[in-house]
Amino acid sequence: MTTESTTQRDEVLRLAHEADVKFIRLWFTDILGHLKGFAITVNDLEEALDRGVGFDGSAIDGFARHHESDMRAYPDPSTFTLLPWRPRQNAVARMFCDIRHQRGQTFLGDPRYVLKRNLEKAEALGYTYNVGAELEFFYLQNSHTPELLDSNGYFDQLSSYPATELRRDTVLHLGEMGIPVKYSHHEGAPSQHEIDLEYTNALTMADNILTAKLVVKELALLQNVYATFMPKPVSGINGSGLHLHQSLFRDETNGFFDPDDEQYLSQLGKKFIAGLIAHAPEITLVTNQWVNSYKRLIPGFEAPIYVSWTHVNRSDLIRVPTYEPGTETSLRIEYRSPDPACNPYLAFSVMLAAGLKGIEDDYQIPPPVVGNVLEMSPQRRQSLGLKTLPTSLGEAISLAESSELMYESLGDHVFNSLIANKQMEWEDYRSQVTDYEVSRYLSTL
């Protein structure tokens, strides 16, 4: 154990004692990004920090293969924080965990490890990968039918009880947990809301997204409201996205900023964009991993469809927000296709891999699109060489299956488990007869 980790370990034990912590929730995700975990008491915290805690991985999606169900969860002491909505007497804390085999070997199916491995590649090139996130979601009456709570729209300030109070409390609770929120507001669709998490290193941001989703859901349930991160819960209105703002830093210097470029975007940033553009269709299985994800990626609802980039419009897949003088560290790339139901560890992994591929192999960036790509004629889009994102989960699976970048960035275990899982979901979906089909065809065919 290093001196730094020993110090963090001792600090966690001290904080747990001072805060009257009784229970510690140990968190991790399956390959699909579902938050999993179990609780230990403070009496077992020291041993957990030193030796990990054993558990059965056989019921966790993408974890166990036939004979290797015994796993150990090793809490990351840097992620220790109290859950502020729980009682302060006999308080509850949480820690994210790294998953290993019983004898301590790295478990290659752990999504958090997958991201760490990709971040190490960036670090070997001298870069820190930073991410900011715009997290969109809906508040609904219940989890059974998508009954909306309000009819408000983008940035509306009309009272929408209890949503306004829930958003406020969520921001306050996240702040107490050390997760700063930059903005929060009502989004464009009725009952849709957004919380923007301030940028930080990618591993911390992935942890923060999972934490924010849980806080949103927990506080909603306390008010008998249901919060959903389903990409498209209601037909005819906008779906929910997870717009991701990305940059590469060398120490304190933003590698995407160039004061001599007309738009202040460096060659490094342009090659990163070129990598994302080249590999966007094949990584969409990770950034948009559900059948329902592709109900959002359709024309007319502020979600990208075409693989394009721009400095202005919000209809493109990639946007470079306008630079404001004196804010060099804020120059960034916004990637707009992911939805909040993705696994952020894997989404960050494949996006970073695509961007680094563009840098390492000297990809050339196409010209930025001028005008609204959604309003162009098919001939105009074809003349610009614009590709499209997959239009269904089945198409996304086909593109991902043959992707060398996906295989290398996810690793053999996660890649094969994810493909197998998504194939089962797609076949199950294709075999269903939907209400739409019955109402459209039964009486006429």
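The coordinates are above.
Now for a look at the structure at hand. (Residues numbered from 1 in each chain as written. Predicted model: local features only at pLDDT ≥ 70, side-chain atom pairs only at ≥ 80, totals over all residues. Heavy atoms only, no water.)

With that out of the way, let us pick up the packing of helix α6 (residues 267-287) against helix α8 (residues 344-360). Put simply, α6 and α8 touch, their axes get as near as 6 Å, and they point 140° apart. The orientation of α6 relative to α8 falls into the category oblique. Crossing of α6 against α8: the hand is right-handed. Only L346, A347, V350, M351, L352, A354, G355, L356, K357, G358 and I359 of α8 make contact with α6, whose side of the interface consists of L268, K271, F272, G275, L276, H279, I283, V286 and T287. Classifying every residue of the contact of α6 with α8 by side-chain character gives 13 nonpolar, five polar and two charged. (Axes fitted to C-alpha atoms, helices over the stretch in contact; angles between N-to-C directions. Helix = DSSP H or I, 4+ residues; strand = E, 2+ residues; numbered from the N terminus. Parallel < 35°, antiparallel > 145°, perpendicular 65-115°, else oblique. Left-handed = near helix turned anticlockwise from the far one by under 90°. Contact = heavy atoms within 4.5 Å. Nonpolar A, V, L, I, M, F, W, Y, C, P; charged D, E, K, R; others polar.)

A separate point is the pairing of strand β9 (residues 192-201). In summary, the side chains of a regular strand alternate between the two faces of the sheet. Pairing of strand β7 (residues 128-140) with β9, which is carried by eight bridges, proceeds in the antiparallel orientation. Of the residues in β9, the one forming a bridge with V131 is T200. Of the pairings in the sheet, the one linking strand β8 (residues 181-186) to β9 comprises five bridges and is antiparallel in character. Each residue of the ladder has a partner; that of H186, found in β9, is H193. Connecting β8 to the next strand, β9, in antiparallel fashion are five residues, including S191 with a positive phi near 65°. (Pairing = 2+ DSSP bridges.)

Within the largest apolar cluster, 95 residues are counted, with the highest numbers of intra-cluster contacts made by Y129, L248, F348 and L410. Among the elements that line this core, the one with the most residues is helix α5 (residues 202-222), at twelve residues. Non-local contacts of F348, meaning those with residues more than four positions away in its chain, are made with L115, Y129, V131, A202, M205, A206, I209 and L244. With 22 residues, the next largest nonpolar core counts V21, F28, I40 and I60 among its residues. (Core = buried A, V, L, I, M, F, W, Y, C linked by side-chain atoms within 4.5 Å. Buried < 20%, exposed > 50% of the residue type's maximum accessible area, 1.4 Å probe, protein only.)

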